[in-house]
Amino acid sequence: MAKLILMSVLILTIALPAKAARDPHPVRGLKKAILWFFLFNAAYTYGVLVWVQKLGFSKG
């Protein structure tokens, strides 16, 4: 599970801009990419702060 959490950063770093680049309007695609990166980073931060401790991945 911890490996999947770490790999999600790599996958979405490539997938989000690729998905947004397919938009026919470049400005709208850029706005979508920025929005999705913000939302992903918020979810990832929540996951690291809450889920990792609940699932027992922390060493301390």
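Every value quoted in this text rests on a predicted model; they were computed, and no experiment measured them.

Notes on the pattern of salt bridges
1) Next: As enumerated under the stated definition, the model contains two salt bridges in all.
2) Next: The shortest N-O distance in the salt bridge between Arg28 and Asp23 comes to 2.8 Å.
3) Next: Since its relative accessible area comes to 40%, Arg28 is described here as partly exposed.
4) Next: Salt-bridge contacts for Asp23 lead to Lys32; the nearest nitrogen and oxygen are separated by 3.2 Å.
5) Next: What makes Asp23 buried here is its relative accessible area of 12%.
6) Next: Overall, Lys32 belongs to the partly exposed group, its relative accessible area being 39%.
7) Next: Linked by salt bridges that have partners in common, Asp23, Arg28 and Lys32 make up one network.

What counts and what doesn't
- Numbers given for residues are sequential positions, taken from 1 along each chain in its written order.
- The model is predicted, so local features are restricted to residues of pLDDT at least 70 and side-chain atom pairs to those at 80 or more, both for listing and for counting; the totals for chains, interfaces and linings are taken over all residues.
- Side-chain figures throughout are based on the complete set of non-hydrogen atoms in the structure, without hydrogens or water.
- We define a salt bridge as a side-chain nitrogen of Lys or Arg found within 4 Å of a carboxyl oxygen belonging to Asp or Glu.
- Each residue is placed in one exposure class: buried if its accessible area under a 1.4 Å probe, protein chains only, is under 20% of its type's maximum, exposed if it is over 50%, and partly exposed if it falls in between.

In short, shape yes, function no, at least from these values alone.
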